[in-house]
Amino acid sequence: MSIKIGSSRELNISAEMVTSFFEENWLRKIALSNVDFYNWQFINTPLMKGDQCCIALQYNEIIAVMGLNEREFIFNENSLNGAELTTWIVKEDKRNLGLGPKMIDYLQSKFSVLFGMGISAQALPIYLRKDFKYIKSIPRFIKVLNDDTVKQFGKFTPLFAKLNKRKYKNESFISLPLTVNTTNQIFEKFSVDSNLFSRNYNWLSWRYDNHPSFDYIQKIIANDEGNKCIVVYRLDRLNDFTIMHCVDLLGNENSYPAALSFLENEAVKEKVDIMDFYSTSTKVNSYFISRGWFSVLDCDFFDFPHLFHPVEMRSPSTTSLVMWCKWQDPSFFDVGRLYISKQDCDFDRPTAANI
C-alpha cells in the first residue's frame, strides 16, 4: 500500500497541502482550511519546531491528518513532552486501511502525554483500544443573567427561575494587566497541585494575544489580601443573545471569589445574557458551584446549548475528553487534579461564522 506516517515537517508537507485536504474532505467549513489560521495553530507556536501534525501518505497523496500541537505538560511537577490532538480526518475511501491505529502508534512513540476533546463515535473505539481513557462529559457551569434567553433557547423547569433569583456577595477585587513575572509565578504555583498544559506567559500570549479570529481579555485579579489568579474570557455577540466564555481561571484559590465577582461585573457592563466555563478541576469548579452557577451535568432542571453558530442543543451540552500517559500512572487519571478548560485542544476554535 506504500503508506507513510509522520509529521508534516518530517514528510515535507506544506501547510497549503494540508489546508486543501481539510477543505476537500471536511463536510462543513472549518478554520483549519484557512492557511493563516493553520499557521498560527500549528506552526507559529512558542516551540517553533515546525508543523507536527500527523500525516498519512499513500503514494505521496495525503489520505489522513491528525491536527496536533506539541506542548509542555506539567504532571506531578515534572515537565513532560505532551501534545494536544485537535482534528482527525481520514479520506472517506481510505477508512478501512487500519490508518487510525497506525497513526496513534506513531504519536505514542513520540509523546509521553496525549489529550483530545470532542471525540467522535467513529474515533472513540480506536482511542480506547490504544489505552486512552475516556471522560464522556467535561463539567460545564453556566451563570444566567437574562432568564428570557434561557426561556427562548434552553431547557428549564420552574425551579430554575427560583434558584436564579439568589444573590451572592460581590467580593472586592483589583484588576491588573498580565506581566511576564507575575503570570509565570501564578502558573508555577498553580502547577504544584495541578496537572495541566503549560500556561506560562509565552503560551498565554500566543493563545490569546495572537489568536487570528477571537479577541480575548486577559486579566490578573487580586483580592484584598493580595492573592492572585489569571482570568481569560471572550464575548460572543450573537444575533439573539450575548454569551461570555470564561476560557481560563487559575491561580491562588483564595482569589477565585474575587475573580468570579470581576467576571460577573464585567458581564453586567457588557450586557451579557449567559456566561459559561468548562473545567475538569474539582478545586476550581467548587467555587463556581458555591457561587450558584448551574452545572449542566448535575442540574436536571436546567440546560443550555454549547453550540452557537447556529444555536444548537445537544445532550450533554458539553464535550468529551480522551487522555493517555506513557506510564499509565494512576495519579495521571486523577481528573479532579487535572486542569483542562476550553483553552485546551483548541476546543474554542472558530466556526465558519467566525473565520
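Computed from a predicted structure; not experimentally measured.

1. Observations concerning the layout of surface pockets
Point 1. If you add up the space inside the second largest pocket, you get close to 400 Å³.
Point 2. Along the wall of the second largest pocket there are 20 residues; nearest its centre are K189, F190, G251, N252 and E253.
Point 3. Among the secondary structure elements, those contributing two or more residues to the lining of the second largest pocket are α8 (180-190) and α11 (282-290).
Point 4. Element by element, the count of residues in the lining of the second largest pocket is highest for α8, at 5 residues.
Point 5. The class makeup of the residues in the lining of the second largest pocket is 4 nonpolar, 10 polar and 6 charged.

2. Looking at helix α4 (residues 99-110)
Since the α-helix packs 3.6 residues into each turn, any two residues three or four apart lie on the same face.
Point 1. Between the first and last C-alpha of α4 there are 17 Å, a value that for 12 residues agrees with the 16 Å anticipated at 1.5 Å per step.
Point 2. Turning to α4, its buried residues number three or more, namely L99, G100, M103, I104, Y106, L107 and Q108.

3. Quick notes on the state of the cysteines
Point 1. Under the defined criterion, the tally for this structure stands at 0 disulfides.
Point 2. For the unlinked cysteine C53, the closest cysteine sulfur is that of C54, found at 8.8 Å.
Point 3. Taking relative accessible area as the criterion, C53 reaches 1% and is therefore assigned buried.
Point 4. Note on C299: no disulfide assigned, nearest cysteine sulfur contributed by C246 at a separation of 18 Å.

4. So, the side chain of T319
Point 1. Structurally, the position occupied by T319 is in the loop between β18 (311-312) and β19 (321-325).
Point 2. At a separation of 3.1 Å, a polar atom in the side chain of T319 contacts the main-chain amide nitrogen of G118.
Point 3. Beyond its immediate chain neighbours, meaning those up to four positions away, T319 contacts M117, G118, K136, S137, I138, Y278 and F347.

5. Some thoughts on the pairing of strand β13 (residues 242-251)
Side-chain direction in a regular strand flips from residue to residue, so the side chains alternate between the two faces of the sheet.
Point 1. The buried count for β13 comes to 10 of 10 residues, which makes it a mostly enclosed element.
Point 2. Here strand β12 (residues 228-237) pairs with β13 via 9 bridges, running antiparallel. Pairing of D236 across the sheet is with I243, part of β13.
Point 3. Connecting the antiparallel pair β12 and β13 is a turn made up of 4 residues.
Point 4. Sheet analysis places β13 next to strand β14 (residues 274-278), joined by 4 bridges and oriented parallel. What sits directly across from C246, in β14, is F277.
Point 5. Viewed along the sheet, the connection from β13 through helix α10 (residues 256-269) into β14 turns out right-handed.

6. Quick word on unusual backbone geometry
Point 1. For the bond running from H309 to P310, omega is 5°, close enough to zero to count as cis.
Point 2. Tracing the chain through its elements places P310 in the loop between β17 (307-308) and β18.
Point 3. Here S315 and P316 are connected by a cis peptide whose omega angle stands at 0°.
Point 4. We note that N12 has phi near 60°; this positive angle belongs to a residue other than glycine.
Point 5. Position of N12 relative to the elements: it lies in the loop between α1 (8-11) and α2 (15-25).

7. Considerations on empty space enclosed by the protein
Point 1. In the structure shown here, the tally under the stated rule is 2 cavities of 30 Å³ or more.
Point 2. Reported here for the largest cavity is a volume of approximately 60 Å³.
Point 3. Lining of the largest cavity is provided by F42, T45, L47, M48, K49, G50, Q52, L68, N69 and E70.
Point 4. Residue contributions to the lining of the largest cavity peak at 3 residues, all from strand β3 (residues 61-75).
Point 5. Size it by volume and the second largest cavity reaches roughly 30 Å³.
Point 6. When residues of the lining of the second largest cavity are traced back to their parent elements, those giving at least two are β3 and α9 (201-209).
Point 7. In terms of residue class, the lining of the second largest cavity is made up of 2 nonpolar, 3 polar and 4 charged.

Parameters at a glance
Residues numbered from 1 in each chain as written. Predicted model: local features only at pLDDT ≥ 70, side-chain atom pairs only at ≥ 80, totals over all residues. Heavy atoms only, no water. 1 Å grid on protein atoms, 1.4 Å probe; cavity = no way out; pocket = protein on both sides within 12 Å on 5 of 7 lines; lining within 4 Å. Points joined across faces, edges and corners; volume = space filled by probe spheres on them. Helix = DSSP H or I, 4+ residues; strand = E, 2+ residues; numbered from the N terminus. Nonpolar A, V, L, I, M, F, W, Y, C, P; charged D, E, K, R; others polar. Expected span 1.5 Å × (residues − 1). Buried < 20%, exposed > 50% of the residue type's maximum accessible area, 1.4 Å probe, protein only. Disulfide = S-S within 2.5 Å. Polar contact = N/O pair within 3.5 Å; in protein donor to acceptor, adjacent residues only side chain to side chain. Contact = heavy atoms within 4.5 Å. Pairing = 2+ DSSP bridges. Right-handed = clockwise from strand over helix to strand, strands pointing away.

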